[in-house]
Amino acid sequence: VSGRYGTDAYYGSSGCPLNASSSPTEVKINVTDPACARVNAVIGPLMANGTLSTLDPFDANYVKTVSGGKLLAAIMPSWFGAYGIKPNYKKNGDYAVAAMPTWAGASDTTSGAVGGGLWLVSATSGNVKAATDFVKALTTDEKILVAGATYPAHAPAPPRGSRPPAPTRGTPGPRPGVRRPGRQDQPDARGTCATRPSCSTRTTPP
Amino acid sequence: VIADKGKNIDAALTSFGERITQAAQAAGYTVSK
């Protein structure tokens, strides 16, 4: 339950209006809403008894705990397997995915956060229209979305002890500061890594 | 801010709400409840 990830994941999934913007200049903030209070009732006791960590998932102490096999479950974005667990936790292949739990009355499985990123076009850009068209294409074109990073993210986990499946398409998740894997990280056309030193044919179920 | 290890999460969230409200208003947002 860190500021960057967990807070919005828990409160956001419940529909708590922490930052419910209705326009570029209006926002609803009401932490006394019942949708917030019910989250307090669930995660408060879990934090108090140490079940729920308050550390950032990239915090060194959290990584150490997870690497020690003490992570039971977490709300994470689809890219976290390839770019969070795999490089940091050293428990490749030990995790599977499940549908996002829902709060009472919820009609979908919205996680509230950590599922994507934002694209901005500067008003001072020399070509605002072209930049806007580019962003629209990247975020709405079905061909591009199908080939998006770490998707599909819900493939079945391999049987215990078996070799994980070869990676699907995948370049990088949106976390800042992480080197974005490129072509050199992917198996070549023959499905091997012989010609690409940093490539891996293994992957981690998110 | 939310944490305090969960011991007083209601107060922590109230404080958090006050801070983000102030920040939103300082940024020019119209804030409603």
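Please refer to the structure placed before this passage.
Source: prediction; values computed, not measured. (Residues numbered from 1 in each chain as written. Chains lettered and ligands numbered in written order. Predicted model: local features only at pLDDT ≥ 70, side-chain atom pairs only at ≥ 80, totals over all residues. Heavy atoms only, no water.)

Caption draft 1: Here's a closer look at the state of the cysteines. All names here are of chain A. According to the stated counting rule, one finds one disulfide over all chains in the structure shown. Here Cys16 is linked by a disulfide to Cys36, with a sulfur-sulfur distance of 2.0 Å. Residues Cys16 and Cys36 are joined through a disulfide that is right-handed, its torsion about the S-S bond being 90°. Here the residue Cys16 occupies a position in the loop between helix 1 (6-14) and strand 1 (20-23), and Cys36 occupies one in helix 2 (residues 34-48), the gap between them amounting to 20 residues. Across this residue pair, the class does not change: Cys16 and Cys36 are buried. (Disulfide = S-S within 2.5 Å. Helix = DSSP H or I, 4+ residues; strand = E, 2+ residues; numbered from the N terminus. Buried < 20%, exposed > 50% of the residue type's maximum accessible area, 1.4 Å probe, protein only.)

Caption draft 2: Structural detail: the interface of chain B and chain A. Taken together, the 19 residues of chain B in the interface contact 18 residues of chain A. Buried surface at the junction of chain B and chain A, summed over both partners, amounts to about 1,600 Å²; 69% is from carbon and sulfur atoms. The interface formed by chain B and chain A holds zero salt bridges in total. Along the contact surface separating chain B from chain A lie five residue pairs in polar contact (both at pLDDT 80 or more). Among the elements that make up the side of chain B that touches chain A, the one with the highest residue count is helix 1 (residues 9-26) of chain B (nine residues). Partitioned by chemical class, the residues of the side of chain B that touches chain A number nine nonpolar, seven polar and three charged. In this structure, strand 2 (residues 26-28) of chain A lies alongside strand 1 (residues 30-32) of chain B, joined through three bridges in parallel fashion. Bridge pairing links A:Glu26 to B:Thr30 in strand 1 of chain B. (Contact = heavy atoms within 4.5 Å. Buried area = accessible area lost by both parts, 1.4 Å probe. Salt bridge = Lys/Arg side-chain N within 4 Å of Asp/Glu carboxyl O. Polar contact = N/O pair within 3.5 Å; in protein donor to acceptor, adjacent residues only side chain to side chain. Nonpolar A, V, L, I, M, F, W, Y, C, P; charged D, E, K, R; others polar. Pairing = 2+ DSSP bridges.)

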